[in-house]
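# Breakdown of the fold
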Amino acid sequence: QVQLVESGGGLVQPGGSLRLSCTISGSRFIIYTMGWYRQAPGKQRELVARIATGGTTNYADSVKGRFTMSRDNVKNTVYLQMNDAKVEDTAVYYCDFLVMVGSTQYDYWGQGTQVTVSS
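A full pass over the atoms with the stated rule returns five salt bridges. D89 is the partner of R66 in a salt bridge, and the nearest nitrogen-oxygen pair spans 2.7 Å. Here R66 is found in the loop between strand 6 (57-59) and strand 7 (67-72), whereas its partner D89 is found in the loop between strand 8 (77-82) and strand 9 (91-101), with 23 residues between them in sequence. Under the relative-accessibility criterion, R66 is labelled buried at 8%. Judged by relative accessible area, which is 0%, D89 ranks as buried. In this structure, D84 and K86 form a salt bridge, with 3.7 Å as the shortest nitrogen-oxygen distance. Among the ionic contacts, a cluster of salt bridges with common partners joins R38, E46, R66 and D89.

The phi torsion at N76 lies on the positive side, around 50 degrees, for a residue other than glycine. Residue placement: N76 occurs in the loop between strand 7 and strand 8. Backbone geometry places D84, a non-glycine residue, at a positive phi of 50 degrees. Relative to the helices and strands, D84 resides in the loop between strand 8 and strand 9.

The next thing to look at is the sheet that holds strand 3 (residues 18-26). In space, the four strands of this open sheet follow the order 1-3-8-7, with antiparallel pairing throughout. If you trace the sheet from one side to the other, it starts and ends with strand 1 (2-7) and strand 7, each paired once. In this sheet, neighbouring strand axes are inclined to one another by 15 degrees on average, regardless of whether the strands run parallel or antiparallel. Pairing geometry for strand 7 and strand 8, over six bridges, is antiparallel. Across the sheet, residue T68 finds its bridge partner in strand 8, namely Q81.

Right, let's talk about the side chain of D96 for a bit. Within the fold, D96 resides in strand 9. Buried charged residue D96 carries no salt bridge. Nearest counter-charge: R50, at 6.7 Å. Once you skip the residues sitting within four places of it in the chain, D96 turns out to touch T33, M34, G35, Y37, D107, Y108 and W109.

What counts, and at which threshold
- Residues numbered from 1 in each chain as written.
- Predicted model: local features only at pLDDT ≥ 70, side-chain atom pairs only at ≥ 80, totals over all residues.
- Heavy atoms only, no water.
- Salt bridge = Lys/Arg side-chain N within 4 Å of Asp/Glu carboxyl O.
- Helix = DSSP H or I, 4+ residues; strand = E, 2+ residues; numbered from the N terminus.
- Buried < 20%, exposed > 50% of the residue type's maximum accessible area, 1.4 Å probe, protein only.
- Pairing = 2+ DSSP bridges.
- Axes fitted to C-alpha atoms, helices over the stretch in contact; angles between N-to-C directions.
- Lys, Arg positive; Asp, Glu negative; His and termini not counted.
- Contact = heavy atoms within 4.5 Å.

Following this line, the structure appears as structure tokens:
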């Protein structure tokens with residue numbers, strides 16, 4: 001069994017910074033891709049950043065230059081460093097891991113963490 005635990009959400013002022021974390025644990029698995037998504041009230045879930053199988057990191061245009069996604073392979077943890085936060089970044093943020101357990105592919109999602117950007 002695989003589990004994801006997110007942390008780091010909260011309230012931040014415009015222009016401020018916040019770091020989200022997501023740790024995967026459990027049965028033996030191979031990680032293919034890792035991503036951060038967000039969903040604002042009344043909107044569809046959207047991709048924020050993703051580390052592809054080859055290690056390339058892609059960002060949504062709206063967060064380029066402000067957000068940085070990174071990984072710690074030893075801790076099986078991914079991070080989303082949010083700088084210069086904007087009101088429009090307010091959303092529930094979810095991490096996503098695409099993994100192989102044995103010969104089966106699974107897509108695991110974190111429980112979501114609320115990020116609110118407000119003065």
